[in-house]
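Listed below, chain by chain, are the residues.
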Amino acid sequence: MAGREDGRDWAYRVDPYGFERPEDFDYASYEAFFSRYLVVLTRRAIKWSKLLKGKNSIQKSLKDMNRTFPDNVKFRKTADPCLQHTLYNVLVAYGHHNKAVGYCQGMNFIAGYLILITKNEEESFWLLDALIGRILPDYYSPAMLGLKTDQEVLGELVKMKVPAVAELMERHGVMWTLVVSRWFICLFIDILPVETVLRIWDCLFYEGSKIIFRVALTLIKQNQAFILEATNFPDICDKFKQMTKGTFVTECHSFMQKIFTDPGSLSMATINKLRETCRERLLSQG
């Protein structure tokens, strides 16, 4: 009997994550907190359950979902468990949650990466909501105005920081959307190595969308001489594809150090001002 009581006492002194609680741990305050927090967790669990139910047009949009990561064994139909089912749940739930967005190209890859990282569909859903709803507003809306705006903003930043490349692009009539749209839509998935993408995402969640510009500017600045070798439209596009491969982008630690030094000063005030100008220009063009 005493042994069972000792066992219960030990279990009480260890938190759900396996950490032993200190001798002076305030159990009363913690229990008061957790009783309140449990309400929040329950509410979120109920919402998640409801989001998985019902039908809307999202299901029809997900017919091409099996094209997500065809080279990843965990997403193949023969996998056990097959992450295609988890991905489907996350995307359907998000479509119910954010009807203004529903489902948009690129979301399947982002959700897929989140599932691989968290190994939990509900956690992946909330992280997806943070990205699409807060960090990257209007990137995945039907008009994709935020996405188009930020591609234009990158063009303006390149004029300021790598003017020779901007002049080359303009001289050959190459629109930025042709060479960087997948950088923005897929947040560098299938563009850069997995480890590098995950390091970029760490910063993206912490610092916000400014990181995307830092990464893009670093890639362009580091490859300026290579890009300037291009002599025509197709050549420029090919240079942009080639420059996302190799040792520079594979060495994720040194790469992440570079993105905070190579572009120089890059304030959110500057980005927001450029966003306002570029957005107005796009809207005026219809």
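Before any of the text, the structure's been laid out above.
Anyway, here's the lowdown on the structure attached to this text. What you see is a predicted model, and the numbers here were worked out from it, not measured in a lab.

Regarding the overall build of the protein chain
So, point 1. Along its length, the protein chain carries 16 helices and 0 strands.
So, point 2. Its C-alpha atoms give the protein chain principal-axis dimensions of about 85 × 45 × 40 Å.
So, point 3. A buried classification covers 45% of the 286 residues belonging to the protein chain.
So, point 4. Summarising the internal contacts of the protein chain: among those between residues at least 6 apart in sequence, 70% fall at separations of at least 24.
So, point 5. Summed over all atoms, the accessible surface of the protein chain reaches about 16,000 Å², with 55% contributed by carbon and sulfur.
So, point 6. Across the protein chain, 37 positive and 33 negative side-chain charges occur, with their mean positions spaced 7 Å apart.

Notes on the packing of aromatic side chains
The geometry of an aromatic ring pair is captured by two quantities: the separation of the ring centres and the angle between the planes.
So, point 1. Throughout the structure, instances matching the rule amount to 20 aromatic pairs.
So, point 2. Ring centres of Phe33 and Phe34 lie 6.2 Å apart, and the angle between their planes is 75 degrees; this geometry places the pair in the edge-to-face category.
So, point 3. Residue classification places Phe34 among the partly exposed residues on the basis of a relative accessible area of 31%.
So, point 4. Aromatic side chains Tyr139 and Phe184 sit 6.4 Å apart centroid to centroid with 45 degrees between the ring planes, which places their arrangement in the tilted category.

Notes on the packing of helix H7 (residues 145–161) against helix H16 (residues 268–284)
When two helices pack together, their arrangement is given by the angle between the helix axes and the distance between those axes.
So, point 1. Packing of H7 against H16 leaves a shortest axis separation of 8 Å and a crossing angle of 120 degrees. Classified by the interaxial angle, the pair formed by H7 and H16 is oblique. Between H7 and H16 the crossing geometry is right-handed. Residues Leu145, Gly146, Lys148, Thr149, Asp150, Glu152, Val153, Glu156, Leu157 and Met160 of H7 lie in contact with H16, whose contacting residues are Thr270, Leu274, Arg275, Cys278, Arg279, Arg281, Leu282 and Leu283.
So, point 2. Of the residues assigned to the contact of H7 with H16, the class counts are 8 nonpolar, 3 polar and 7 charged.

Details of the state of the cysteines
So, point 1. Per the stated rule, a full pass over the model turns up 0 disulfides.
So, point 2. Take Cys82: it sits in no disulfide, and the sulfur closest to it among the cysteines is that of Cys186, at 20 Å.

Quick word on the nonpolar core
So, point 1. Counting 80 residues, the largest nonpolar core has Tyr140, Trp176, Trp183, Leu192, Trp201, Ile220 and Phe240 as the members making the most contacts within it.
So, point 2. It is helix H11 (residues 210–222) that contributes the most residues to this core, 8 residues altogether.
So, point 3. Apart from residues lying up to four places away in sequence, Tyr140 is in contact with Val101, Cys104, Gln105, Met107, Ile110, Ile132, Phe184, Ile185 and Leu187.

Overview of unusual backbone geometry
So, point 1. Cis geometry marks the peptide bond from Asp80 to Pro81, where omega comes out at 0 degrees.
So, point 2. Counting through the fold element by element, Pro81 comes out in the loop between helix H3 (58–61) and helix H4 (83–97).
So, point 3. The backbone of Leu187 sits at a positive phi, close to 50 degrees, despite the residue not being glycine.
So, point 4. Relative to the helices and strands, Leu187 is located in the loop between helix H9 (176–185) and helix H10 (194–207).
So, point 5. Here Phe188, not a glycine, exhibits a phi torsion of approximately 75 degrees, which is positive.

Details of a nonpolar patch on the surface
So, point 1. A grouping of Phe33, Phe34, Tyr37, Leu38 and Leu41 is seen on the molecular surface, where their side chains present a nonpolar patch of about 400 Å² in accessible area.
So, point 2. For Phe33, the location among the structural elements is in helix H2 (residues 27–51).
So, point 3. The exposure class of Phe33 is partly exposed, given its relative accessible area of 34%.

About the thresholds
- Residues numbered from 1 in each chain as written.
- Predicted model: local features only at pLDDT ≥ 70, side-chain atom pairs only at ≥ 80, totals over all residues.
- Heavy atoms only, no water.
- Helix = DSSP H or I, 4+ residues; strand = E, 2+ residues; numbered from the N terminus.
- Buried < 20%, exposed > 50% of the residue type's maximum accessible area, 1.4 Å probe, protein only.
- Contact = heavy atoms within 4.5 Å.
- Areas by Shrake-Rupley, 256 points an atom, 1.4 Å probe, with all protein chains shown as cover.
- Lys, Arg positive; Asp, Glu negative; His and termini not counted.
- Charge placed at Lys NZ, Arg CZ, Asp CG, Glu CD.
- Phe/Tyr/Trp six-rings, centres within 6.5 Å; stacked < 30°, edge-to-face > 60°.
- Axes fitted to C-alpha atoms, helices over the stretch in contact; angles between N-to-C directions.
- Parallel < 35°, antiparallel > 145°, perpendicular 65-115°, else oblique.
- Left-handed = near helix turned anticlockwise from the far one by under 90°.
- Nonpolar A, V, L, I, M, F, W, Y, C, P; charged D, E, K, R; others polar.
- Disulfide = S-S within 2.5 Å.
- Core = buried A, V, L, I, M, F, W, Y, C linked by side-chain atoms within 4.5 Å.
- Patch = residues over 30% accessible without salt bridge, like charges linked within 9 Å, V, L, I, M, F, W, Y side chains within 5 Å.
- Salt bridge = Lys/Arg side-chain N within 4 Å of Asp/Glu carboxyl O.

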